[in-house]
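Residue-level listing of the chains:
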Amino acid sequence: MYKKYFFEILGFFVIEDTVLHTTQGLITRMTVDDFWSMAVQQILAVLRHNCMLCSNVYHLLKIKRLVVWFCHALNSYGFHVDKLFEVLLEIQEHYNELLMKTWGETFSAIFESDDFTPLTVCTEEQYQGIVEIFPYNDITLSMARFPKSFPFSSFVLQIYQQVKVFIDMCKSYTDRLNLSQTEIGERVRKTVNLMLTKTMSSCLTKFIKNRRLSEQQLAQVIINVTHLSECELDLEKYISNLTRTDSEDGQISRLYGLSTFKDALQEGEESFQMKFLSQVSLILDGANYDWLSKAAPTGPSPYLLDTLEYIRARYDAIFTLPNKDMVQRLCVNCLRHLAQAMEKLLLDPSVCITHTQGYVYFLKLTILYKYIMLRLACNYFF
């Protein structure tokens, strides 16, 4: 439909221009210019109306390319097309909105389909295939024997690839719009930063909030997001090569969007901590001690053993987190939670009398419990 519309207008003015230059007196330059001025106003109205109604980003990009070809063709015949280029720049805002919506849906689908399992490779070919896609360099991993696993899951590769496709789509719209390379680089970076800080961050935060993830899955999400945030320089280099601009020259802004995943990381940390501590509370809430027993306990209570086993099983998830500050906070909060839970258990109003020997042994177990936790934390940090 759009091709026919623009081809007919183009054909009309090509014929008018040909008649103007090959005959005498049949038509004047002023008449042709008046026709063109009226046509431009009509074209502008049609573009503004129809493009704003377009809901498919790929269709809108095709329309933009068609208009650019149309402008270049008529410009070669001497017609002024500046206003048409101006309206294409106006329409870019709607194009960017469609990009955000489309890629938001893509990101959400990737998050939902992830298996939250570190990528494992069995051959050198598989290993090289991943490092060629995603900028990850670990000497220890590269020297390890097969099979070997990356710390992140598949959604890191998919998200990284989709971000690069998004950058390509941003650049494609700015092509042939009479923009300088600096203007192109600035527009692309601005749009990509907006996508990272608003669209992707929002999708990730919503995913963490709404999806019922286990502690292990939440830990994997945190690891994934951390690795994504570390590839900012590589994406900046990709944009620089694509737009032939350098953010180091101070004339254009840098890519900073990936460093703003703090909200998503905080949401992941809070969800992980909440699930972890709630399960510990659930185990401790079932504790039923015989406070009046005169015999000393022969070993830790099953509730304590269950709690220790649960924590031990989850420590692998905790200590694989790349942010040591986050791990420290989790350990400290866990210890605080355990101390409060045991204090609450001991000072419960229903506990009126305790046998001295049993009471002392209970305290010993509590101290031993904390010692185990601290020892595990110290082994990790030091």
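Just above, that's the structure.
*Asks:* An account of the overall build of the protein is needed here, citing residue identities and associated values.
*Replies:* A count of helical and extended segments in the protein gives 14 helices and 2 strands. With 382 residues in all, the protein has 42% of them scored as buried. Across the protein, every contact between residues at least 6 apart in sequence was considered, and the portion connecting residues at least 24 apart equals 78%.

*Asks:* Lay out the packing of aromatic side chains with the relevant residues and their values.
*Replies:* Tallied over the full model, the rule gives 19 aromatic pairs. Look at F111 and F155: their rings are 5.1 Å apart centre to centre, the planes differ by 70°, and that puts the pair in the edge-to-face class. Residue F111 is located in helix 4 (residues 82-113), and its partner F155 is located in helix 7 (residues 154-174); the two are separated by 44 residues in the primary sequence. Across the pair, exposure class does not vary: F111 and F155 are buried alike. On the numbers, 5.4 Å between centres and 15° between planes, the contact of Y127 with F150 is stacked. With a gap of 23 residues between them, Y127 in helix 5 (residues 124-133) and F150 in the loop between strand 2 (148-149) and helix 7 connect regions that are remote in the sequence.

*Asks:* I'd love a proper account of helix 3 (residues 57-75), names of residues and values included.
*Replies:* Along its 19 residues, helix 3 runs 27 Å from first to last C-alpha, staying within 8% of the 27 Å computed at 1.5 Å per residue. Within helix 3 the residues assigned to the buried category are V57, L60, L61, I63, K64, L66, V67, V68, F70, C71 and L74. Contacts from the buried residues of helix 3 go to helix 1 (2-22), helix 2 (29-53), helix 4 and helix 7. With a side-chain oxygen positioned 2.9 Å from the backbone nitrogen of Y58, the residue opening helix 3 is N56.

*Asks:* Would you mind going over the nonpolar core in detail, with residue names and values included?
*Replies:* W36, L47 and V192 are the most contacted members of the largest nonpolar core, which totals 85 residues. The dominant element in this core, judged by the number of residues it contributes, is helix 4, at 13 residues. Excluding its chain neighbours within four sequence positions, the residues that come into contact with V192 are F166, I167, C170, I239 and L255. One finds L277, V280, C334 and L338 within the second-largest nonpolar core, a separate group that totals 5 residues.

*Asks:* I'd like a rundown of the pattern of salt bridges, residues and numbers included.
*Replies:* Evaluated as defined, the whole model comprises 6 salt bridges. A salt bridge links R29 to D33; the shortest N-O distance between them is 3.3 Å. Of the two residues, R29 and D33 are both situated in helix 2; the distance of 4 residues between them amounts to about one turn of the helix. Taking relative accessible area as the criterion, R29 reaches 31% and is therefore assigned partly exposed. Since its relative accessible area comes to 34%, D33 is described here as partly exposed. Among the salt bridges present, the one from E236 reaches R189, with a minimum N-O distance of 2.7 Å. One end of the pair, E236, is in helix 10 (residues 232-243); the other, R189, is in helix 8 (residues 181-210), with 47 residues separating them in the sequence. A relative accessible area of 5% means that E236 is categorised as buried. Residues participating in the shared-partner salt-bridge network are D17, R29 and D33.

*Asks:* Run through unusual backbone geometry, naming residues and quoting values.
*Replies:* Looking along the chain, the bond that leaves F146 and enters P147 is cis, with omega of -5°. Tracing the chain through its elements places P147 in the loop between helix 6 (139-143) and strand 2. Although it is not a glycine, F116 adopts a positive phi angle of roughly 55°. Take F116: its relative accessible area is 6%, and that puts it in the buried class. You will see that N178, though not glycine, has its phi angle at about 60°, which is positive.

*Asks:* Tell me about the packing of helix 1 against helix 2, and name the residues and values.
*Replies:* Where helix 1 meets helix 2, the axes come as close as 11 Å, and the angle between the chain directions of the two elements is 170°. Relative to helix 2, the element helix 1 lies roughly antiparallel. Residue-level inspection shows Y2, Y5, F6, I9, F12, F13, E16, D17, L20 and H21 of helix 1 in contact with helix 2, the latter providing R29, V32, F35, W36, A39, Q42, I43, V46, L47 and N50. Counted by class, the contact of helix 1 with helix 2 contains 14 nonpolar, 3 polar and 3 charged residues.

Thresholds, definitions, all that
- Residues numbered from 1 in each chain as written.
- Predicted model: local features only at pLDDT ≥ 70, side-chain atom pairs only at ≥ 80, totals over all residues.
- Heavy atoms only, no water.
- Helix = DSSP H or I, 4+ residues; strand = E, 2+ residues; numbered from the N terminus.
- Buried < 20%, exposed > 50% of the residue type's maximum accessible area, 1.4 Å probe, protein only.
- Contact = heavy atoms within 4.5 Å.
- Phe/Tyr/Trp six-rings, centres within 6.5 Å; stacked < 30°, edge-to-face > 60°.
- Expected span 1.5 Å × (residues − 1).
- Polar contact = N/O pair within 3.5 Å; in protein donor to acceptor, adjacent residues only side chain to side chain.
- Core = buried A, V, L, I, M, F, W, Y, C linked by side-chain atoms within 4.5 Å.
- Salt bridge = Lys/Arg side-chain N within 4 Å of Asp/Glu carboxyl O.
- Axes fitted to C-alpha atoms, helices over the stretch in contact; angles between N-to-C directions.
- Parallel < 35°, antiparallel > 145°, perpendicular 65-115°, else oblique.
- Nonpolar A, V, L, I, M, F, W, Y, C, P; charged D, E, K, R; others polar.

Purely geometric numbers; function is a separate question.
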